[in-house]
Amino acid sequence: MTLRLSRRHFMGSAAAAAAAGSMPLRARAATPFTMQAAWINDAEFAGYFLAMDQGYYTDEGLDLTYLSGGPDVIPESTIIAGRADLALTTPDTTIKAIAEQGAPFKIIGAQYQKNPIGIVSLVESGINAPADLVGKTLAVPPVNVISVEAMLKINGIDPADVNIVPYAYDPTPLIQKEIDASLDFTTNVPYTISQLGGEAVSFLLYDFGYTIYNDTVVVTEQTLADKRDELVAWLRASRKGWVENNVDTKLWPAKWAETHFAGTGRTIANEEFFNEAQKPLMEHPDGIFAMTEEGIEANLEALREVGIEGTREMFDTTLLDEI
């Protein structure tokens, strides 16, 4: 199957040890398992880095291969091609691929309960809510225009009343006041702006009606059927990594300066900011990766606003029950 997609936008230790006698689980042969990340190595994936370095995947019987993403990587294509068992995606691209192309995907978890995409501006602009964008110039990457227009309509604003211009993920025009606001990752870009001498303020599209997850955990139906135990093991180890990471978000980034974060061009201070900023967007009373019925329906409702017709059957929450 060829997909037309775009981006950027209890197998517990005790039971396994009992089955293997007194042999430690790490001493047994591990099952190869590959995950495809959604973007380049940064704090967005800190929980997985921690779980790898602390041996949590090995403890679960997995020999994990981690594939980083990037602007030319389409995560869904990686799992369709069989190069990965699991991928982190955006729910709009995944659900659109299922609905319109018959892609055999299932969403089995959500890293971000709230999508970190939002409207970023300088404090002095006075832009704190959608209504404040009326008459202002808002820079938006072309792939995200439909989402922004949907958010405006949800809030009773005619998109024609906002001057939407193309954006190329560079905050310089905002600093130079050539634009009033931009659509950006609220977990990262405010830090960049502070380093350029500005003071940023932001709000999430999620908090104003465009209620979609991000970094959804996606597998093919075949992988779900063939590797269910491995998927549950991956979810369990990954959740453990994120829980430990979120205890102290400044502890781990410096440890990865010469490993996971090497060559990205970003400072450790930036990654520390990112790691802390994303924490409240991920946490849920039911644990990392949780997907409630209310949350799923909120996603489907928001996607209908941009013409994507998904259904509850595209989500499988049963693996989360086994963690």
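Our structure is the block above this text.
What this report covers is the structure whose coordinates are included nearby.

Definitions and cut-offs
- Residue indices begin from 1 for each chain and proceed along its sequence in written order.
- Totals for whole chains, interfaces and linings use all residues, but because this is a predicted model, local features are given only for residues with pLDDT of at least 70 and pairs of side-chain atoms are given and counted only at 80 or more.
- Only hydrogens and water are set aside when side-chain values are computed; all heavy atoms of the structure are taken into account.
- Among buried residues, the Ala, Val, Leu, Ile, Met, Phe, Trp, Tyr and Cys ones that are joined through side-chain atoms within 4.5 Å form a nonpolar core.
- For every residue, the accessible area (1.4 Å probe, protein chains only) is compared with the maximum for its type, and the residue is labelled buried under 20%, exposed over 50%, or partly exposed between those bounds.
- Comment: elements are numbered from the N terminus, with helices defined as DSSP H or I runs of at least four residues and strands as E runs of at least two.
- Contact between two residues is taken to exist if any of their heavy atoms lie within 4.5 Å; hydrogens are not considered.
- In this analysis, rings of Phe, Tyr and Trp, with Trp reduced to its six-membered ring, are considered paired at centre separations within 6.5 Å, and the interplanar angle assigns stacked below 30 degrees, edge-to-face beyond 60, and tilted for intermediate values.
- Only when the NZ of Lys or the CZ of Arg is both within 6 Å of the ring centre and within 35 degrees of the ring normal is a charge said to sit over the ring.
- Whether two strands pair comes down to DSSP finding at least two bridges between them.
- Note on method: axes are straight lines fitted to C-alpha atoms, helices fitted across the in-contact stretch only, with angles between N-to-C directions ranging 0 to 180 degrees.
- Only protein atoms enter the 1 Å grid used here. Points where a 1.4 Å probe fits but cannot escape make up a cavity, open sets with protein on both sides within 12 Å along at least five of seven lines make up a pocket, and a residue lines them when an atom lies within 4 Å of a point.
- Grid points are joined across faces, edges and corners, and a volume is the space filled by probe spheres set on the points.
- Each residue gets one of three labels, nonpolar for Ala, Val, Leu, Ile, Met, Phe, Trp, Tyr, Cys and Pro, charged for Asp, Glu, Lys and Arg, and polar for the others, Gly among them.
- Put simply, angles under 35 degrees are roughly parallel, angles over 145 are roughly antiparallel, angles from 65 to 115 are roughly perpendicular, and the rest are oblique.

Ile 119 and Trp 234 are the most contacted members of the largest nonpolar core, which has 83 residues in total. Broken down by element, this core gets its largest block of residues, 7 residues, from helix 10 (residues 228-247). With residues near it in sequence (within four places) discarded, Trp 234 still touches Phe 33, Met 35, Tyr 48, Tyr 57, Leu 62, Leu 64, Leu 86, Leu 88, Val 217 and Phe 289. Leu 122, Leu 174, Val 189 and Ile 193 belong to the second-largest nonpolar core, a separate cluster that totals 8 residues.

This part is about the packing of aromatic side chains. Taken as a whole and assessed by the stated rule, the structure comprises 11 aromatic pairs. Consider the rings of Tyr 48 and Trp 234, whose centres lie 5.6 Å apart with planes at 20°: the pair is stacked. Of this pair, Tyr 48 sits in helix 2 (residues 46-53) while Trp 234 sits in helix 10, and the two are 186 residues apart along the sequence. This pair shows no difference in class: Tyr 48 is buried, exactly as Trp 234 is. Measuring from centroid to centroid gives 5.7 Å for Trp 256 and Phe 261, while their planes differ by 85°, and the two rings are edge-to-face. The pair Trp 256 / Phe 261 is uniform in exposure class, with both members buried. Members of the aromatic cluster, each reached through a chain of ring pairs, are Phe 49, Tyr 66, Trp 252, Trp 256 and Phe 261. Its end group placed over the ring of Tyr 56, Lys 240 keeps NZ or CZ at 4.3 Å from the ring centre.

What follows is about the side chain of Thr 317. Here Thr 317 shows up in the segment after helix 12 (293-304). The residues contacting Thr 317, other than those within four sequence positions of it, are Met 291, Ile 296 and Arg 312.

Attention shifts here to helix 6 (residues 145-154). Three or more residues of helix 6 are buried, namely Ser 147, Val 148, Ala 150, Met 151 and Leu 152. The inward-facing, buried residues of helix 6 contact strand 5 (117-122), strand 6 (137-140), strand 7 (163-166) and strand 8 (181-185). Following helix 6 by one or two positions, Gly 156 adopts a phi angle in the positive range, close to 75°.

Below, the discussion takes up the sheet that holds strand 10 (residues 214-220). The 5 strands are arranged 2-1-3-10-4 in an open sheet whose pairing can be described as mixed. With partners counted over all chains shown, the strands left at the sheet margins are strand 2 (62-67) and strand 4 (105-112), one partner each. Averaged over all neighbouring strand pairs, the angle between strand axes comes to 25°, with direction disregarded. As judged from the 6 bridges shared by strand 4 and strand 10, these two strands associate in the antiparallel manner. Bridging across to strand 10, Ala 110 finds its partner in Thr 216. Most of the contacts of helix 2 go to strand 2, to which it runs at about 140°, and overall it touches strand 1 (31-36), strand 2, strand 3 (86-89) and strand 4. Those strands touched by helix 5 (residues 91-101) are strand 3, strand 4 and strand 10, and its axis lies near 170° from that of strand 4.

A separate point is the sheet that holds strand 5. Strands in a sheet are paired, the pairing made by backbone hydrogen bonds, and the direction either parallel or antiparallel. Taken in spatial order, the 5 strands make up an open sheet running 7-6-8-5-9, and their pairing is mixed. Two strands in the sheet have a free side with no partner beyond their single neighbour: strand 7 and strand 9 (200-204). Going across the sheet, the axis of each strand differs from the next one's by a mean of 35°, ignoring polarity. In this structure, strand 6 lies alongside strand 8, joined through 2 bridges in parallel fashion. For Ala 139, the partnering residue across the bridge sits in strand 8 and is Ser 182. Here helix 6 sits on the sheet and contacts strand 5, strand 6, strand 7 and strand 8; the angle it forms with strand 7, its principal contact strand, is near 165°.

To locate leftover empty space, one rolls a probe as large as a water molecule over the atoms. Taken as a whole, the largest pocket spans an internal volume of roughly 340 Å³. Forming the boundary of the largest pocket are 14 residues, of which Trp 39, Phe 185, Asn 188, Val 189 and Arg 266 lie nearest the centre. Listing elements by their share of the lining of the largest pocket, those giving two or more residues are strand 8 and helix 8 (189-195). Per-class residue counts for the lining of the largest pocket are 7 nonpolar, 2 polar and 5 charged.

The backbone of Asp 215 sits at a positive phi, close to 50°, despite the residue not being glycine. Relative to the assigned elements, Asp 215 resides in strand 10. Located in the positive-phi region is Phe 289, a residue other than glycine, with phi close to 85°. Looking at the element boundaries, Phe 289 is found in the loop between helix 11 (268-282) and helix 12. By relative accessible area, which is 0% here, Phe 289 ends up buried.

A few words now on the packing of helix 5 against helix 12. For the pair helix 5 and helix 12, the least separation of the axes is 11 Å and the interaxial angle reads 75°. Our classification of the angle between helix 5 and helix 12 gives roughly perpendicular. Together, Pro 91, Asp 92 and Ile 95 of helix 5 and Asn 299, Leu 300 and Leu 303 of helix 12 make up the contact between the two elements. Taken together, the residues that form the contact of helix 5 with helix 12 break down as 4 nonpolar, 1 polar and 1 charged.

Read these as spatial facts, not as claims about activity.
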